[in-house]
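Commentary on secondary and tertiary structure
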Amino acid sequence: MKSFSSRRAQAIVVAIAAGSLALTGCSENKGTNSGENSKKDQKEAQVQSKAVTYADAAGSTGPAEEIAGAQSGGTITVYQEAGLSHLDPGQTYVSDAGQVANLLFRRLTQFKEDDKGNVSVVGDMATDSGKSSDGGKTWTFTLKDGVKDAKGNVITSADVRHSVERLYAKFIFDGPTYLQTWLSGADYRKALPDGGFGKKHLPKSVLDTPDDKTVVFHFDQPRPDLPQTLAMAGYAIVPAKDDTKEKYDKAPVATGPYKVQSYKNGKSLVLVKNTNWDPKTDSVRHQYVDGFNFQFGVTESTQTKRLIADQGDDKNAIQLTGGVEATQIQDVIKNPSVSKRTVKGYQPYVMQLTFNMDRVKNLKVRQAVAYAVNSKSLIAGEGGVYGGDVAPNFFAPTLPGYEAKYDPYGRLKTPQGNIAKAKELLKDVPASEKKVVFAYGNSENGQKRKVAIEDALTKVGFNVVSKEVDAASYYEQIGKLNNPYDMYITGWGQDWPSASTVVTPIYDGDQVADGAPNYSHVKDPKVDALIKKALTQQPTEAAKTWKEAQHYLLEKVLPAAPLWYTKQFQLSGSNVGGARYGSVSSLIDINHLFLKKS
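These lines cover the structure that appears in this document, whether it is placed above or below.

Parameters and conventions
- Per chain, residue numbering runs from 1 following the sequence as it is written.
- For this predicted model, a pLDDT threshold of at least 70 governs which residues receive local features, and a threshold of 80 or more governs which side-chain atom pairs are given and counted, while totals over whole chains, interfaces and linings are taken from all residues.
- By convention in this description, side-chain values take in all heavy atoms of the structure and omit both hydrogens and water.
- Secondary structure follows DSSP: runs of H or I at least 4 residues long count as helices, runs of E at least 2 residues long count as strands, and numbering of each begins at the N terminus.
- Residue exposure (1.4 Å probe, protein chains only): buried if accessible area is under 20% of the type maximum, exposed if over 50%, otherwise partly exposed.
- Paired rings are identified among Phe, Tyr and Trp, the last through its six-membered ring, by centres lying within 6.5 Å, and are further divided according to the angle between planes into stacked (under 30 degrees), edge-to-face (over 60) and tilted (the rest).
- Two conditions define a charge sitting above a ring: the NZ of Lys or the CZ of Arg must be within 6 Å of the ring centre, and it must be within 35 degrees of the ring normal.
- Two strands are said to pair when DSSP picks up at least two bridges between them.
- Where helices are involved, their axes are fitted lines through C-alpha atoms of the stretch in contact, as for all axes, and angles between N-to-C directions lie from 0 to 180°.
- We call two residues in contact when some of their heavy atoms are within 4.5 Å.

**Comments concerning unusual backbone geometry**
In this structure, Pro63 follows Gly62 across a cis peptide bond, with omega equal to 0°. Tracing the backbone shows Pro63 in the loop between β3 (53–54) and β4 (75–80). Even without being glycine, Lys245 reaches a positive phi, approximately 55°. Structurally, Lys245 is set in the loop between α5 (226–230) and β11 (258–264). Here His521, not a glycine, exhibits a phi torsion of approximately 65°, which is positive. With respect to the helices, strands and loops of the structure, His521 is situated in the loop between α14 (500–507) and α15 (525–534). Overall, His521 belongs to the buried group, its relative accessible area being 7%.

**Quick look at the packing of aromatic side chains**
For the structure on display, the rule yields 19 aromatic pairs. Ring plane angle 40° and centroid distance 5.2 Å describe the contact between Tyr386 and Phe569, whose orientation is recorded as tilted. In this pair, Tyr386 is assigned in the loop between α10 (375–382) and β16 (388–390) and Phe569 in strand β20 (residues 560–571), connecting sequence segments 183 residues apart. Here Lys245 stacks its cationic end above the ring of Phe197, 4.8 Å away from the centre of that ring.

**Remarks on the sheet that holds β11**
Strands sit in the order β11-β12-β13-β4-β14 across an open sheet of five strands; the sheet is mixed. Edge positions in the open sheet fall to β11 and β14 (317–319), since each of these has one partner strand only. Adjacent strand axes in the sheet meet at a mean angle of 20°, parallel and antiparallel pairs treated alike. Relative to strand β12 (residues 268–273), β11 runs antiparallel, the two sharing six bridges. Looking across to β12, one finds that Val260 is bridged to Leu271. Relative to β14, helix α6 (residues 300–309) is tilted by about 145°, and along the sheet it contacts β4, β13 (291–296) and β14.

In structure tokens:
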């Protein structure tokens, strides 16, 4: 899953059914030592993995277990620097919108995490996590009784079908595509060009709704990971009768515990209780507070200062996807009363400097950049050891198949960059190819990254032209095939712990399209062949193929230069209760919050 801005992002760290593991990461804050020992952090990220379970009807029945000490009432203030790019569930594939989606929208399935970090997949709108048949090619879901949207309309199988079919429409371009491609292939839009808004629908042999309560998916091969896929925010339910197509992005209809009262794009979002949400049908969410007041345009440095001071409404405030601003980290960790209000954890994201290979075609140029970039400087801007660790490759420590010592560009030995090697690669490169256009987000972190990239590349002979991009629509802008940039920093984490959710979305040639996450525009026959091979293999054999794919990508193609693995370090106000690090969101668990005094 793509990360946001810094981009302390949302990924779905849950396992596929065929025996892989899910990261449980960190849950409750365990003190101030997290981040001080990178090797220990990485080891914990690997070791703290437990098998994910698929819940039956009993495990999917609400209400959610009460949180110790929880009280009702009050409004939580939420700080965020950039505005939201989307509110439409179908367009949601980024951390900020994903956090909001947890409050607003329900899916067929959902992730549930206990206080020990154990993660399970439960039925959300469905009675359980799904029943498979035909060797895993067919999945059947039965809807719970009494699930309504914010307008009081009962959710039926027709709404589920509509929510799937609308993803085929052209106006949906920024969300996940797993389900659509599994059902209808890489050119899925051709199967239903109008997205189901006309008289045509997907055939029953693909998606069947035999009655109001039953939804049946038919695939051409086993899809054991479907329950996790459907739990992604991008597959939340959109009531058919209220779908306003493009306009839905600004005024969606809620199915979760909260609904939109007002929304001023880039400025504010006010959520209030959805009175049609029935806690008896929901085993995951709570409705303790009266609402959430999102304030956009608040920089991370300002957020941190306010939360350290802890005055007035700031006692009731949290950070959404941002974290403690780098220069103020010591102010936080050295003050016990402030430090105890932090949540920390290792995230599944790899930040990398991605090349637009339609423009940067010379492999030597890409290699020179890979050697030149200064991971140490970039990580310093993120908060040092509290913000991340040097990334020698594309696989994070949270991912099965992680190779700690695989370091083809010497990032671990020379995290500040190998200037001599980069210069050597560039000595015969024409001056015209040394001029590179670098896109960066117009946020505090974006500015820091701009300085670090310019400094590193200029030292080895590049002429860097930096172009500012709106942070809220950053991924939308670099996701355009004909974008005018040579390189940009991107972040990606697994959607569940399988390399298939890393290599496939961002390096599959079929994903070279406007809005698709193949930001480097890689179309390599060998990569595509390895992807297809791995997707048909059992996990043990597939792991070997994914490893081969990563080595080939890094050594022969080099679509991006790995920079750093991300960590999260967030702060909340003293009156906020239930604050914990959520391994599912890789952020503060927004479903777990209440106010100690309303």
